[in-house]
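Chains, contacts and geometry: an overview
Below are the chains, spelled out letter by letter.
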Amino acid sequence: MLADDAVLFREGLARILADAGFTVTGQAGDGNTLLDLIRADPPDVAVIDLRMPPGYAAEGIETAAAIRARAPAVGLMLLSQYVEVHHALRLINEFDGGVGYLLKDRVSDLAAFGTDLRRVGRGDTVIDSDLVARLVARRRERDPLDNLTDRERAVLALMAQGLSNVAVAADLHLAVKTVEAHVTAIFTKLGLIQHEREHRRVLAVLTFLRA
Amino acid sequence: MLELRATAQRLVAAGDATRRRMERDLHDGVQQRLVTVAMELGGVVRQATAAGATDVATEADTVRAHLLEATAELREMARGLHPAVLTQDGLEAAAGFLADRSPVPVRLTVAVERRLPAEIEATAYFVVSECLTNAAKHAAATLITVEIRQSEAGLTVEVADDGCGGAAKRPGGGLQGLADRLAVLDARLRIDSASNGTRLRTVIPCG
Ligand SMILES: Nc1ncnc2c1ncn2[C@@H]1O[C@H](COP(=O)(O)OP(=O)(O)OP(=O)(O)O)[C@@H](O)[C@H]1O
Ligand SMILES: [Mg+2]
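Every residue gets a number counted from 1 within its own chain, in the order that chain's sequence is written. Labels are handed out in written order, letters beginning with A for the chains and numbers beginning with 1 for the ligands. Thresholds applied to this predicted model are a pLDDT of at least 70 for local features of residues and 80 or more for the giving and counting of side-chain atom pairs; totals over whole chains, interfaces and linings are not thresholded and use all residues. With hydrogens and water excluded, all non-hydrogen atoms of the structure serve as input to the side-chain values.

**Description of the coordination of the magnesium ion (ligand 2)**
Stated formally: Note that water is not among the atoms used; donors are N, O and S atoms within 2.8 Å of the metal (3.2 Å for Na, K and Ca), so sites may look incomplete. In DSSP terms, a helix is any run of H or I states spanning at least four residues, a strand is any run of E spanning at least two, and both are numbered starting from the N terminus.
With distances of 2.0 to 2.1 Å, the protein atoms coordinating the magnesium ion (ligand 2) are E130(B) (OE) and N134(B) (OD1). One end of the pair, E130(B), and the other, N134(B), are both in helix α5 (residues 118–139), 4 residues apart, so they sit about a helical turn from each other.

Here it is, written out as structure tokens:
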């Protein structure tokens, strides 16, 4: 199900998702209409524009929260022209998985976007790579990231996007065991507590990168 | 005098409103169109791949990548015009964004309890933005501290670096622009710049 006030974008997205084998069960131009549609027929995932009428601020997050309260099984994919760290932290904090936050640009890579939609539908967390790259590149006074090897940095960035060890391994063409070793090394070097669930892990890493 | 100041205030407010509107128009107009076109191109890539036309698919995908680069540039321009994050989420979030982007490490403290009038928030934002840019460009600094604090006297904005000093207003420069903008809000830009660093400070009265 899709919600975006930009009609051309929304309809283009619906067409393209249908081509890619998704079933688009409904479209809405604002949050309240979307909520009504979802109540009538809950989809696997709702794709929601972050900035919608009436205020063009962060209405999408409010809509997402309302959906989560009424239909907790629906995955929530927020799209935006800008990705902001505080929104990402809020989404991870408040939603406990099954949530994604991506630049609108990402939908043009259909294969990757389709994968991300399915991950959100499964309950994973998906965070835009741009936002993570910005945080990793950020200059710090005494930078704990200096202690990481290039490989460990690459693993850290993918972890922060919500990828599981298996997914990180596939992305970097490494063995899962190797990735696990990297993850342990990263958490030790950064003094972070390891979490079993990816969602908790994303939160820990992003909070660390933000601090 | 009072009349002049009121006129100047109206001019600055009108300028801000125009920039905000232009950002909105870019966001809802051109930017939206460009991501839509990129998305459609993504569809072409998919069809070409499905039809076995790998050359066309690769070509179209390269065009898509170029288009997204242009979109990213436009996004940065719109942000320079007026950051949507400031209007939506306030000074702390917007200053955090600037600090994240700074090539010199920034220690940021924001103590602002409530949303302030748009022209005050925008002015504080532009002070921080210009001073961070200057410190990175001119100071050869290793650390910048930014403090934004709200008190009875008003909103204090202070940016200090540990660079080489030498900051001074010059006609048409960023600092002069800040000073002019601040004057309209009844505030002064204090510049202390010596060989151990530069400190810029202002207190914007806000009732
Ligand atoms: N933090 C600083 N450390 C050292 N020198 C500075 C600093 N800030 C400004 N200066 C000096 O003061 C001059 C004036 O700064 P100002 O911001 O007004 O202009 P500019 O940065 O040169 O140009 P513009 O702001 O229009 O891009 C600069 O050219 C630079 O020599
Ligand atoms: Mg300057």
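On we go from here.
**Considering helix α1 (residues 2–50) of chain B**
Residues and elements named next belong to chain B. Condition: The span you would expect from a helix comes to 1.5 Å times its residue count less one. Note that bend, as reported per residue, equals the angle between axes fitted to the 7 residues terminating at that residue and the 7 residues originating from it.
Taking 1.5 Å of rise per residue, 49 residues should cover 72 Å, and α1 covers 70 Å from first to last C-alpha, within 8% of that figure. Where α1 bends most, the angle comes to about 35 degrees, and this point is L26. In the segment just after α1, G52 is the residue with positive phi, at about 80 degrees.

**Here we look at empty space enclosed by the protein**
Think of a ball as big as a water molecule: rolled over the atoms, this probe shows where empty space is left. Where we set the bar: Think of a 1 Å grid over the protein atoms and nothing else: a 1.4 Å probe that fits but is trapped marks a cavity, an open set flanked by protein within 12 Å on at least five of seven lines marks a pocket, and residues with an atom within 4 Å of a point count as lining. Grid points are joined across faces, edges and corners, and a volume is the space filled by probe spheres set on the points. Under the convention adopted here, Pro, Cys and the residues Ala, Val, Leu, Ile, Met, Phe, Trp and Tyr are nonpolar, Asp, Glu, Lys and Arg are charged, and Gly plus all remaining residues are polar.
Taken as a whole and judged by the stated rule, the model has 3 cavities of 30 Å³ or more. In this structure, the largest cavity occupies an estimated 80 Å³ of space. As for the largest cavity, its lining consists of L50(A), R51(A), S80(A), Y82(A), E84(A), H87(A), H27(B), A84(B), V85(B), Q88(B) and D89(B). Residue composition of the lining of the largest cavity, grouped by class: 4 nonpolar, 4 polar and 3 charged.

**Observations regarding the domain arrangement of chain B**
Residues and elements named next belong to chain B. Note the following rule: For each domain, the first and last residues come from an automatic or database assignment. Contacts are assigned to residue pairs that have any heavy atoms within 4.5 Å of one another. Accessible area that two parts lose when put together, evaluated with a 1.4 Å probe and summed over both, is termed the buried area. The salt bridge criterion pairs a side-chain nitrogen of Lys or Arg with a carboxyl oxygen of Asp or Glu, the two atoms within 4 Å. Polar contact is defined as a pair of N or O atoms within 3.5 Å, subject to the rule that within protein one atom must be able to donate a hydrogen and the other to accept it, and that residues adjacent in sequence are counted only when both atoms are side-chain atoms.
Domain parsing of chain B yields domain 1 (2–82) and domain 2 (86–204). Each of domain 1 and domain 2 was reduced to a C-alpha centroid, and the two centroids are 28 Å apart. Counting residues at the interface gives 12 residues for domain 1 and 13 residues for domain 2. Carbon and sulfur atoms supply 54% of the area buried between domain 1 and domain 2, which totals about 1,000 Å² over both sides. The interface formed by domain 1 and domain 2 holds 3 salt bridges in total. A salt bridge links R181 to D16; the shortest N-O distance between them is 2.7 Å. If you look at where domain 1 meets domain 2, you find 5 residue pairs in polar contact (both at pLDDT 80 or more). Elements that contribute at least two residues to the side of domain 1 that touches domain 2 include exactly α1 and α2 (54–81). The biggest single contributor to the side of domain 1 that touches domain 2 is α1, with 7 residues.

**Side note on the interface of chain B and chain A**
Opposite the 35 residues of chain B that make contact, chain A presents 32 residues. Of the roughly 3,100 Å² buried between chain B and chain A on both sides combined, carbon and sulfur atoms contribute 52%. Considering only the side of chain B, the residues that lose the most area to chain A are M39(B), R75(B) and D100(B), jointly responsible for 22% of the buried surface there. Applying the counting rule to chain B against chain A returns 7 salt bridges.

**Some remarks on the pattern of salt bridges**
Put simply, the test is: Buried means the residue's accessible area, taken with a 1.4 Å probe over protein chains only, is under 20% of the maximum for its type, while exposed means over 50%, and partly exposed covers the values in between.
One pass over the full model with this rule turns up 31 salt bridges over all chains. R106(A) is the salt-bridge partner of D128(A), the closest N and O atoms lying 2.7 Å from each other. In this pair, D128(A) sits in the loop between β6 (125–127) and α6 (129–137) while R106(A) sits in the loop between β5 (99–103) and α5 (110–122), placing the two residues 22 residues apart along the sequence. Taking the shortest distance from any N to any O, the salt bridge between D28(B) and R24(B) comes out at 2.9 Å. One end of the pair is D28(B) and the other is R24(B), both in helix α1 and 4 residues apart, which spans about a single turn. We classify D28(B) as partly exposed; its relative accessible area is 30%. Its relative accessible area of 32% is what places R24(B) among the partly exposed residues. Salt bridges here are not isolated pairs; linked through shared partners, they connect D116(A), R119(A), R122(A) and D124(A).

**A short note on the site of ligand 1**
Residue and element names in this part refer to chain B. Defined as follows: We call a residue near a molecule or strand as soon as one heavy atom of that residue lies within 4 Å of the molecule or strand. Per-residue and other accessible areas were derived by the Shrake-Rupley procedure at a 1.4 Å probe size, with only the shown protein chains allowed to occlude residues.
Around ligand 1, a shell composed of 16 residues is seen, among which E130, N134, H138, D161 and L175 lie nearest. With respect to ligand 1, the side chain of H138 contributes an N or O atom lying 2.8 Å from an oxygen atom. Here R170 contributes a side-chain N or O atom positioned 3.1 Å from an oxygen atom of ligand 1. Burial of ligand 1 by the surrounding chains reaches 78%, relative to a free accessible area of 600 Å². Sorting the residues of the shell around ligand 1 by element identifies α5 and α6 (174–184) as the ones contributing at least two each. Broken down by element, the shell around ligand 1 gets its largest block of residues, 6 residues, from α5. A class-by-class count of the residues in the shell around ligand 1 yields 5 nonpolar, 7 polar and 4 charged.

**Section: the sheet that holds strand β4 (residues 75–80) of chain A**
All names here are of chain A. Formally: Strands are treated as partners if at least two bridges between them are detected by DSSP.
Strand order in this open sheet of 6 strands is β2-β1-β3-β4-β5-β6, and the pairing throughout is parallel. The sheet is open, and its two borders are formed by β2 (27–28) and β6, each paired with just one other strand. In this structure, β4 lies alongside β5, joined through 5 bridges in parallel fashion. Considered in β5, the bridge of L78 is made with Y101.

**Brief notes about the confidence of the model for chain B**
Residue and element names in this part refer to chain B. Quick note on the threshold: The predictor reports its confidence for every residue as pLDDT, a score running from 0 up to 100.
Summary statistics for chain B give a mean pLDDT of 92 and a share of 100% for residues scoring 70 or more. The least confident element of chain B is helix α3 (residues 84–89), whose mean pLDDT is 86; the most confident is strand β5 (residues 197–204), at 98. For this predicted complex, the interface confidence score (ipTM) comes to 0.84, while the overall pTM stands at 0.86.

**Considering the packing of helix α4 (residues 91–101) of chain B against α5(B)**
Residue and element names in this part refer to chain B. Note the following rule: Axes, fitted as lines to C-alpha atoms, cover a helix only where it is in contact. Angles between the N-to-C directions of the axes lie from 0 to 180 degrees. Angles below 35 degrees are treated as roughly parallel, those above 145 as roughly antiparallel, those between 65 and 115 as roughly perpendicular, and all remaining angles as oblique. Two helices cross in a left-handed way if the nearer one is turned anticlockwise from the farther one by less than a right angle. They cross in a right-handed way if the turn is clockwise.
At a closest axis distance of 10 Å, the pairing of α4 and α5 adopts a crossing angle of 15 degrees. Classed by the angle they form, the pair α4 and α5 counts as roughly parallel. Viewed along their axes, α4 and α5 form a crossing whose handedness is right-handed. Facing L91, A94, L98 and A99 of α4, the residues of α5 in contact are E121, A124, Y125, V128, S129 and L132.

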